[in-house]
Amino acid sequence: MEQFSRRDMLKLLGVSALGTAVMGKIAFEPQAARAQGAPTATPIAFFRFSLGAMQLTVIRDAARQQDPAVLGRNAPEGGIAEVMKANNFPAPITTTFNVLLMRNGDKVALFDTGLGVAAGGALVATLELLGVPRDSVTDVVLTHMHPDHVSGALTDGALTFPNATYHYSQAEFDFINKVPSDSPLAQVAATNKAIFEAAGSKLKLYAPDTEILPGVTTAAAYGHTLGHTIFRFQSEGQQMLHAVDTALNSVVSLARPEWHTAFDVNGEMAAETRRRVFGEAAKSGTRIFAYHFPFPGTGFVVAEGEGFRFIPAM
Ligand SMILES: [Zn+2]
């Protein structure tokens, strides 16, 4: 794991031109944002590993504190606190936002785009520091509609990654286009429609069980949202499952997979999917990666009690 503050990193690199750009855009903007009560920027953190011929880099876009109550809409009174106490897990919970960068052959692909620069997301600054120009990204795979995954796709209304193909779930696309204007999801739908419009002919809709990039296959994991998709990575006999938001929290959501989170569009379906996906991962021993698990979000799951336990591993 490599973790630096931006200032340390810039000092380390001694890149003044880049430093100006990054410090101007990222480090100073959040101070203004902070005055409005918006979240602050995240220090740079990334973790690079390989899976067969694939080079994978987890980029921490952000980390935010959350009220544990979001983890169990249908949990019994005191149930969440009990699971947290049993695991020595402190409240409030810190939720990480892990964006995955994959290099394989001539493909430079991002899995989700984080919160966006305006909200203090560190993805773009981290890519700059890693020497990955935004216009070199060939593919952006959006996993589902939620703003913490898609907001970074646009910067000031334009595509953040101007040359990329934008992969989007057909089921999610159909859902978005049916959200009524008076729905609580209207704003989320508008955010996504703005991306569809900006992407134009670069928007490519995917179905489940389809190889969308060499070695990357989609799998339906509906419930969290109705088009929420997870991804099986395979290269030279090695495998990894990107579980996206199948579980929101590495402790509570795995210990009690039947608890609906505040963000699950269909709680019952999400719970069933959680049990199925992690049941399979526990049985097969497949390495998993998850968007909101503690950085870098990689490890394994084992069956335990009524649910599962996450074993972090790098
Ligand atoms: Zn999420």
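**Student:** Whenever I open this one, the overall build of the protein confuses me. Can you help?
**Tutor:** Looking only at helices and strands, the protein has 10 helices and 17 strands in total. Buried residues in the protein amount to 54% of all 314 residues. In the protein, the proportion of contacts linking residues at least 24 apart, taken out of those at least 6 apart, comes to 68%.

**Student:** Please explain the environment of Val-251 as it appears in this structure.
**Tutor:** By the secondary structure assignment, Val-251 is in the loop between strand E14 (238-244) and helix H9 (252-255). Taking the C-alpha atoms as reference, Val-251 lies 7.0 Å from Phe-310; in sequence the two are 59 residues apart. Excluding residues that lie within four positions of it along the chain, Val-251 makes contacts with Asn-87 and Phe-89.

**Student:** Would you mind going over the side chain of Asp-264 with me for this structure?
**Tutor:** The residue Asp-264 is located in the loop between H9 and helix H10 (267-284) in this model. By relative accessible area, which is 3% here, Asp-264 ends up buried. Within the local environment of Asp-264, its side chain forms a polar contact with the backbone nitrogen of Thr-261, the two atoms lying 2.9 Å apart. Other than its neighbours up to four places away in sequence, Asp-264 contacts Arg-73, Gly-223, His-224, Trp-259, Ala-270 and Arg-274.

**Student:** Just to check I follow, could you spell out the nonpolar core for this structure?
**Tutor:** Side chains of a nonpolar character, in soluble globular proteins, are inclined to be buried together. Among the nonpolar cores identified, the biggest contains 41 residues, and Leu-110, Leu-127, Val-137, Phe-161, Tyr-166 and Tyr-168 are the most heavily contacted of them. Listed by contribution, the elements that provide at least two residues to this core are strand E3 (54-66), strand E4 (93-104), strand E5 (107-111), helix H5 (123-129), strand E9 (165-169), helix H7 (170-176) and helix H8 (186-199). Apart from residues lying up to four places away in sequence, Leu-110 is in contact with Val-99, Leu-100, Leu-101, Leu-123, Leu-127, Val-137, Asp-139, Val-140, Val-141 and Phe-161.

**Student:** Sorry, what's going on with the coordination of the zinc ion here?
**Tutor:** Expected angles at a metal are 109.5 degrees for tetrahedral coordination by four donors and either 90 or 180 degrees for octahedral coordination by six donors. The protein atoms that coordinate the zinc ion are Asp-148 (OD), His-149 (NE2), Asp-245 (OD) and His-292 (NE2), at distances spanning 2.1 to 2.3 Å. Its 4 donor atoms give the zinc ion angles of 86 to 170 degrees at the centre, a pattern that matches the irregular case. The sequence pattern describing where the donors of the zinc ion fall on their chain is D-H-x95-D-x46-H. Taken together, the residues His-149 in helix H6 (residues 147-150) and His-292 in the loop between strand E15 (287-290) and strand E16 (298-304) connect sequence positions 143 residues apart. Comparing His-149 with His-292 shows no difference in burial state: the two are buried.

**Student:** What exactly am I supposed to notice about unusual backbone geometry here?
**Tutor:** A negative phi angle characterises most non-glycine residues, just as the trans form characterises most peptide bonds. Omega for the bond connecting Ala-91 with Pro-92 falls within 30 degrees of zero, at -5 degrees, which places this linkage in the cis form. Among the secondary structure elements, Pro-92 is positioned in the loop between helix H4 (79-86) and E4. Between Phe-295 and the following residue, Pro-296, the backbone shows a cis peptide bond with an omega angle of 5 degrees. Relative to the assigned elements, Pro-296 resides in the loop between E15 and E16. In the Ramachandran plot, Asn-88 falls in the positive-phi region, its phi being about 50 degrees despite a non-glycine side chain. Relative to the helices and strands, Asn-88 resides in the loop between H4 and E4.

**Student:** I'm lost on the pairing of E3 in this one. Help?
**Tutor:** If a strand is regular, its side chains alternate between the two faces of the sheet. With 10 of its 13 residues buried, E3 lies for the most part within the structure. Looking at chain direction, strand E2 (residues 45-51) and E3 are connected through 6 bridges and run antiparallel. Across the sheet, residue Phe-46 finds its bridge partner in E3, namely Ile-59. From the end of E2 to the start of E3, which pair antiparallel, there are 2 residues, and Gly-52 there has a positive phi angle of about 55 degrees. By the bridge criterion, 11 bridges tie E3 to E4 in an arrangement that is antiparallel. Note on E4: the bridge partner recorded for Arg-60 is Asn-98.

**Student:** Help me understand H4 in this model?
**Tutor:** Note that an α-helix has 3.6 residues per turn; residues three or four places apart therefore point the same way. All buried positions along H4 are accounted for by Gly-79, Ile-80, Val-83 and Met-84. The buried residues of H4 occupy one face: seen down the axis, they fall within an arc of 135 degrees. Exposed residues lying more than 90 degrees from the buried face of H4 are Ala-81, Glu-82, Lys-85 and Ala-86. After H4 finishes, the residue Asn-88 shows a positive phi value of roughly 50 degrees.

**Student:** I tried to follow the environment of Phe-289 on my own but got confused; where do I start?
**Tutor:** For Phe-289, the position within the fold is in strand E15. Note: C-alpha distance between Phe-289 and Val-58 (231 residues apart in sequence) is 9.2 Å.

Conventions and cut-offs
- Residues numbered from 1 in each chain as written.
- Predicted model: local features only at pLDDT ≥ 70, side-chain atom pairs only at ≥ 80, totals over all residues.
- Heavy atoms only, no water.
- Helix = DSSP H or I, 4+ residues; strand = E, 2+ residues; numbered from the N terminus.
- Buried < 20%, exposed > 50% of the residue type's maximum accessible area, 1.4 Å probe, protein only.
- Contact = heavy atoms within 4.5 Å.
- Polar contact = N/O pair within 3.5 Å; in protein donor to acceptor, adjacent residues only side chain to side chain.
- Core = buried A, V, L, I, M, F, W, Y, C linked by side-chain atoms within 4.5 Å.
- Donors = N, O, S within 2.8 Å, 3.2 Å for Na, K, Ca; no water.
- Tetrahedral: all angles 85-135°; square planar, octahedral: opposite > 155°, others 65-115°.
- Pairing = 2+ DSSP bridges.
- Arc of directions from axis to C-beta.

Everything listed here is a matter of geometry and, on its own, says nothing about what the molecule does.
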